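What follows is the residue order along each chain.
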Amino acid sequence: MAVLEEIKEALMAGNANKVRELTQKALDEGIAPTTIINDGLIAAMNVIGVKFKNNEVYVPEVLVAARAMHAGMDVVKPLLTGDALEEKGTMVIGTVKGDLHDIGKNLVIMMMEGAGFKVIDLGIDVPVEKFVQAVEEHKPQLVGISALLTSTMMQMKKTVEGLAAYRDKIKIMVGGAPVTQKFADEIGADGYAPDAASAVDLARQLLAS
Ligand code: B12
C-alpha cells in the first residue's frame, strides 16, 4: 500500500491538494476508508505531533499539516457509515469567558482530531453555563479548557467548579500559556498539558485510567 506512505509524506509536507488526490487514489485502489484514515492521515498527524513536541516543527507547520489532514478527511468522511470511524472519545473544548485567544486551543483541536477524537469546539469567551450545556448535550468523556490571560485563569477555576456535578463522567484537561500543573492541581482539574501534542497523550492517559 505504497499510496498510504505517499499520503503520509504529502501530509507531513503540508500539501493539501496532494493529500486530497492521493486519498482519492487510495479509495480507487480499494483501500478501506478507515485504513486510509488510521494508517495514512492519523499516522502522519501523530508524527507531526511528536516532532512538534520535540521542537522539530513549529506552529505554522502544524497548521498546514492539519489543513492537509482535513483535505483528506473531506474525501473519506462521506463514505464512512455509522461508527465506521472508530472514535477514540469525544471532547468539548473552549476558551474561557473574557478570553479571546484561540490559536493554541485550535492547535489542540487539530491534534486531537488528528488522533481520532471527536471534538466539539465552543469557541472563545465561553461562559461556564455554555460548557455545562455542551456537556449535557454531547456527553463527552473529556472537557478541555483554555486560558491565555492571568486575569482569566480564575474563570477556569469557576468552569471546573461549574462542572462539579459531572465529574464522575468527564475528565477535565486545562492548558494555555499561564497555566501550570500546580494551578491545574489547585483548581481540581484532572490534567494539564503544556502543548497540543502532549494534550493528546494526556487525553489517552486520562481515558485509560
Ligand atoms: C496572538 C495573541 C493575541 C491575539 C489573539 C488572537 C487569537 N485568535 O488567538 C489578540 C491580538 C486578539 C490578543 C489580544 C490580547 N492579548 Co494576547 N497574545 C497573543 C500572543 C502573542 C500569542 C498567543 C498564542 O497564540 N500563542 C501560540 C499558541 C500556540 O500557544 P498557546 O496559546 O500557549 O497554546 C499552546 C499551549 O498553551 C497548549 N494549550 C492551549 N490551550 C490549551 C487547552 C488545553 C485543554 C490543553 C490541554 C492545552 C492547551 O497547547 C497549545 C498548542 O501547543 C501572546 C504572547 C505569547 N507569546 O504567548 C499574547 C498574550 C497572551 N496576550 C496578552 C494580552 C495582555 C492581551 C490583551 C489583554 C491585550 C490588550 N491590551 O488588548 C488582549 C486580550 C484580549 C482578550 N480578552 O482575550 C498577554 C497576557 C499577559 C497575561 N499574563 O495575562 C500575552 C502573554 C502577551 C504579553 N506578553 O503581554 N492577543
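The shown structure was predicted, so the numbers you read here are calculated from the model rather than taken from an experiment.

**Examining the site of the ligand**
The immediate surroundings of the ligand are formed by 27 residues, with Leu 100, His 101, Asp 102, Ser 146 and Thr 150 found nearest. Here a nitrogen atom of the ligand sits 3.0 Å away from a polar atom, N or O, in the main chain of Gly 98. Here an oxygen atom of the ligand and a backbone polar atom of Ile 103 are 3.4 Å apart. Those elements that place two or more of their residues in the shell around the ligand are α5 (103-114), β3 (142-146), β4 (171-175) and α9 (196-208). Among the elements that make up the shell around the ligand, the one with the highest residue count is α5 (four residues).

**Observations regarding the coordination of the cobalt atom of the ligand**
Within the protein, just one atom coordinates the cobalt atom of the ligand: His 101 (NE2), at a distance of 2.3 Å. Within the element layout of this structure, His 101 appears in the loop between β1 (90-95) and α5.

**Details of the environment of Leu 206**
By the secondary structure assignment, Leu 206 is in helix α9. Along the primary structure Leu 206 and Gln 141 are separated by 65 residues, whereas in three dimensions their C-alpha atoms are 9.4 Å apart. Beyond its immediate sequence surroundings of up to four residues, Leu 206 is in contact with Leu 142, Lys 171, Met 173 and Asp 190.

**Things to note about the domain arrangement of the protein**
As assigned here, the protein comprises domain 1 (2-79) and domain 2 (90-208). Using C-alpha coordinates to define each centre, domain 1 is positioned 26 Å away from domain 2. Counting residues at the interface gives twelve residues for domain 1 and 13 residues for domain 2. When the two sides are added together, the surface that domain 1 and domain 2 hide from each other amounts to roughly 1100 Å², 73% of it contributed by carbon and sulfur. Inspection of the domain 1/domain 2 interface yields one salt bridge. For Lys 53, the salt bridge identified is with Asp 201, shortest N-O distance 2.3 Å. Our count for the domain 1 to domain 2 interface comes out at two residue pairs in polar contact (both at pLDDT 80 or more). Looking at the side of domain 1 that touches domain 2, the elements with two or more residues in it are α3 (33-53) and α4 (59-76). Broken down by class, the residue content of the side of domain 1 that touches domain 2 amounts to eight nonpolar, three polar and one charged.

What counts as what
Residues numbered from 1 in each chain as written. Predicted model: local features only at pLDDT ≥ 70, side-chain atom pairs only at ≥ 80, totals over all residues. Heavy atoms only, no water. Near = heavy atom within 4 Å. Polar contact = N/O pair within 3.5 Å; in protein donor to acceptor, adjacent residues only side chain to side chain. Helix = DSSP H or I, 4+ residues; strand = E, 2+ residues; numbered from the N terminus. Donors = N, O, S within 2.8 Å, 3.2 Å for Na, K, Ca; no water. Contact = heavy atoms within 4.5 Å. Domains from an automatic or database assignment. Buried area = accessible area lost by both parts, 1.4 Å probe. Salt bridge = Lys/Arg side-chain N within 4 Å of Asp/Glu carboxyl O. Nonpolar A, V, L, I, M, F, W, Y, C, P; charged D, E, K, R; others polar.

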